[in-house]
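Overview (structure and organization)
Take a look at the letters that make up each chain.
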Amino acid sequence: MTESTPPLSRRALLTGLGALAMPGVARAQHGSAHVVVVGGGFGGATAARHLRLQMPGLRITLIEPAARHYTCAFSSLYLAGLRDWESLGHGFEALRAMDIAVVHAAAVDVDAVARTITLSDGQRLVWDKLVLSPGVDMRWGELEGYDAQASMYAPHAWSAGAQTRLLRDQLHAMPDGGTFAMVIPATPYRCPPGPYERAALVAHYFRARKPKSRILLLDAKNEFSKKPLFLQGWKALYGDMIDWRSLDHDGQVVRVDARRREVETAAGALHRADVLNVIAPQKAGWIAERAGLTDASGWVPVHPENFAARQQAHVHVIGDASQAAPMPKSGASANSQGRLVAAAISAELLGQEAPQAVYTNTCYSLIGPEYGISVAGVYRAKNDTMEEVPAAVGISPLDAQPWFRAAEARYGTAWYQAISADTWGN
Ligand SMILES: Cc1cc2nc3c(=O)[nH]c(=O)nc-3n(C[C@H](O)[C@H](O)[C@H](O)COP(=O)(O)OP(=O)(O)OC[C@H]3O[C@@H](n4cnc5c(N)ncnc54)[C@H](O)[C@@H]3O)c2cc1C
């Protein structure tokens, strides 16, 4: 305020006092509030883009080390040779064109009290609101013998990039008649149906190129998302090629020897593979832990009405890193959470009523290029917990006709295009 500023009215004074208590509100009203978003994947890019759509004058910075984000979603099509690598990549040009500052660096520290964030390039930014969507990290060593070094021999391929390409190269180099084994963790982990879709699409590839090969799934649980649909689809398209072992049937792996591509199960059985894919147990991306937001589970507890971290009200944690069960950890969930958080932050900064906390998840899985299945759910915050709206659950029917499965496969492709446009603007 300058000396020539006219005396404040009672209303302006009250607004000003409120603003003093909430500096972000004051700065938003003067057009200089700063929201920093960490992570340019499904959650973070959506939050940044939707914040801009809601608040044209807001200062928004997106921190993401990679020049392009490659999605895990649809990466199994890449493994199967049904999609090329670049079709999974999304640049940040459209976000920059919306006047979002995109900084290619990693966030290395967060001070939630001083509201600062330190980046790997040495910059320190001051924020009014922080959104973290760093995805997952592997819990190295939780499964005996499986650490970062071991993943060079037995890739997890559960973060898209070099790991996905390594797994594809191994699958393509595998001789016909070989065994592809996958180690599947207990929940919670990123993309509950992902391992089963991956098995199906690798089977599609084997059927065409390496028909004598087999797929062994060693699972640490008995139940999984869309299980009856997967079992039916696997059988219909690939006969007995996929051998799924549940927790109760010798599925739990307790030790990995990645160099020898061997695993040992709780029952003491030893399985040898030609290509070994170990989907390790996971936790929230490292920066969430560094910011002091995770609990003993390794994930970030949040208030479901706006995904504010329970530990820090001005830090919103969305996507896989958050604990939002029964919402699954999916790109669709992260996108839905990113939209809601953008609406909640802009409402708060503008002094408006908070949006109704309703979220959606739609998950398509391809069992073959012309065989799709899906599940959809609606979730809402109630009494500070997240609940699924029972009447809104939708799942593909069993025993559907081929035209129905083919239509769902097409809807899946359309879903990927639509969510990519909504997230990265391309
Ligand atoms: C095989 C597979 C198939 C899948 N298929 C589907 C599907 O069909 N549909 C679906 O909805 N979901 C699918 N998913 C799940 C989906 O990929 C994730 O749920 C989604 O990516 C979560 O979004 P996110 O924003 O939490 O994390 P991500 O999309 O992983 O984004 C995290 C970003 O944060 C960045 N980052 C991490 N740490 C830092 C840091 N310190 N500083 C700055 N940036 C950082 C990373 O570089 C990354 O770009 C699949 C997953 C897998 C593994």
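Keep in mind that what you see is a predicted model, and the values were worked out from it rather than measured. (Residues numbered from 1 in each chain as written. Predicted model: local features only at pLDDT ≥ 70, side-chain atom pairs only at ≥ 80, totals over all residues.)

A closer look at the packing of helix α3 (residues 42-54) against helix α11 (residues 402-424)
Note the threshold: Helix axes are fitted to C-alpha atoms over the stretch in contact, other axes to C-alpha atoms as well, and angles between N-to-C directions run from 0 to 180 degrees. Helical segments are the DSSP runs of H or I of at least four residues, strand segments are the runs of E of at least two, and each set is numbered from the N terminus. Angle categories: roughly parallel below 35 degrees, roughly antiparallel above 145, roughly perpendicular from 65 to 115, and oblique for all the rest. Two residues qualify as a contact pair if the distance between their C-beta atoms, derived from the backbone, is within 7 Å. Here the nonpolar group is Ala, Val, Leu, Ile, Met, Phe, Trp, Tyr, Cys and Pro; Asp, Glu, Lys and Arg are the charged ones; every other residue, Gly included, is treated as polar.
Running from N to C, α3 and α11 point in directions that differ by 60°, and their axes come no closer than 7 Å. With respect to each other, α3 and α11 are oriented oblique. Counted together, F42, A45, T46 and R49 of α3 and D422, T423 and W424 of α11 form the full contact between these two elements. Split into classes, the residues belonging to the contact of α3 with α11 amount to three nonpolar, two polar and two charged.

A short note on the site of the ligand
Quick note on the threshold: All residues are tested the same way: a C-beta atom is placed from the backbone, and lying within 6 Å of a molecule or strand makes the residue near it. Each domain's extent is set by a domain assignment, obtained either automatically or from a database.
The local shell around the ligand holds 37 residues, among which G39, G41, G43, G135 and G319 are the closest. Breaking the shell around the ligand down by element, the ones donating at least two residues are α3, α4 (75-79), α7 (194-209) and α10 (331-349). In terms of residue class, the shell around the ligand is built from 17 nonpolar, 15 polar and five charged. The residue makeup of the shell around the ligand includes at least three contributed by each of domain 1 (31-137 + 283-421) and domain 2 (149-280).

A closer look at the packing of α7 against helix α8 (residues 227-238)
Their axes nearest at 11 Å, the elements α7 and α8 cross at an angle of 0°. With respect to α8, the axis of α7 lies roughly parallel. Between α7 and α8, the residues in contact are Y196, A200, A203 and R207 and F230, G233, W234 and Y238, respectively. Across the contact of α7 with α8, the residue classes tally to six nonpolar, one polar and one charged.

So, the environment of S365
Among the structural elements, S365 can be located in strand β23 (residues 358-368). Remark: the alpha-carbon pair of S365 and V275, spanning 90 residues in sequence, is separated by 23 Å. In this view, S365 contacts P193, Y196, E197, K226 and I373; residues no more than four positions away in its chain are not counted.

Considerations on the pairing of strand β13 (residues 242-245)
The test is simple: Here, strands pair whenever DSSP counts at least two bridges between them.
Pairing of strand β12 (residues 214-219) with β13 involves four bridges; the strand directions are parallel. In the strand pairing of β13, L217 is matched with W244.

Here's the deal with the sheet that holds strand β8 (residues 124-126)
Strands sit in the order β6-β7-β8 across an open sheet of three strands; the sheet is antiparallel. Where the open sheet ends on each side, the last strands, each with one partner, are β6 (107-111) and β8. Averaged over all neighbouring strand pairs, the angle between strand axes comes to 20°, with direction disregarded. Relative to strand β7 (residues 116-119), β6 is paired through four bridges, and the arrangement is antiparallel. Residue pairing for β7: A107 is matched across the bridge by L119.

Side note on α3
For clarity, the threshold we go by: Helix span is expected to be 1.5 Å times the residue number reduced by one. Buried residues are those with 20 or more other C-beta atoms within 10 Å of their own C-beta, exposed residues have 12 or fewer, and partly exposed residues lie in between; C-beta atoms are placed from the backbone.
With 13 residues, α3 should cover 18 Å at 1.5 Å per step; its first-to-last C-alpha distance of 18 Å lies within 8% of that length. For α3, a buried count of 11 out of 13 residues is recorded, marking the element as mostly surrounded by other parts of the structure. Among the structural elements, β1 (34-38), β2 (59-63), α5 (93-97), β9 (129-132), α10 and α11 are those in contact with the buried residues of α3.

Examining the nonpolar core
The line we're drawing: Joining buried Ala, Val, Leu, Ile, Met, Phe, Trp, Tyr and Cys residues through C-beta atoms within 7 Å gives a set, and that set is a nonpolar core.
In this structure, A199, V202, A203, I215, L217 and I242 are the most contacted members of the largest nonpolar core, which totals 60 residues. Element by element, the count of residues in this core is highest for α7, at eight residues. Both domain 1 (31-137 + 283-421) and domain 2 (149-280) contribute no fewer than three residues apiece to this core. With residues near it in sequence (within four places) discarded, I215 still touches F180, A199, V202, A203, M241, I242 and D243. If you look at the next biggest cluster of nonpolar residues, it comprises 57 residues, including F92, I287, V302 and A343.

Structural notes on unusual backbone geometry
Along the chain, T187 connects to P188 via a cis peptide bond; the corresponding omega equals 0°. Across the junction of A325 and P326, the peptide omega takes the value 10°, indicating a cis bond. Turning to its location among the elements, P326 is positioned in the loop between β22 (322-323) and α10. For D99, which is not glycine, the phi torsion reads 65° and is therefore positive. Of note, D99 is situated in the loop between α5 and β5 (101-103). For D99, a count of 12 C-beta atoms within 10 Å translates into the label exposed.

Some points on the confidence of the model for the protein chain
Counted only if it meets this: Confidence of the predictor at the level of single residues is given by pLDDT, which spans 0 to 100.
Within the protein chain, residue pLDDT values average 93, and 93% of them lie at 70 or more. Scored below 50 in pLDDT, residues 1-22 shows seven contacts in the model against residues more than four places distant or in partner chains.

What about the domain arrangement of the protein chain?
If you check the domain split of the protein chain, you get domain 1 (31-137 + 283-421) and domain 2 (149-280). One C-alpha centre belongs to domain 1, the other to domain 2, and the line joining them spans 27 Å. Taken together, the contact between domain 1 and domain 2 spans 30 residues of the former and 31 residues of the latter. Among the elements of the structure, α4, β23 and β24 (371-382) are those that each provide at least two residues to the side of domain 1 that touches domain 2.

Section: the sheet that holds strand β17 (residues 275-278)
The strand order across the open sheet formed by four strands is β13-β12-β11-β17, and the pairing between neighbours is parallel. Single-partner strands in this sheet number two, and they are β13 and β17. Across the sheet, the mean angle from the axis of one strand to that of its neighbour is 15°, orientation sign disregarded. Where strand β11 (residues 179-184) and β17 come together, four bridges link them in parallel fashion. Bridged to A181 within β17 is L276.

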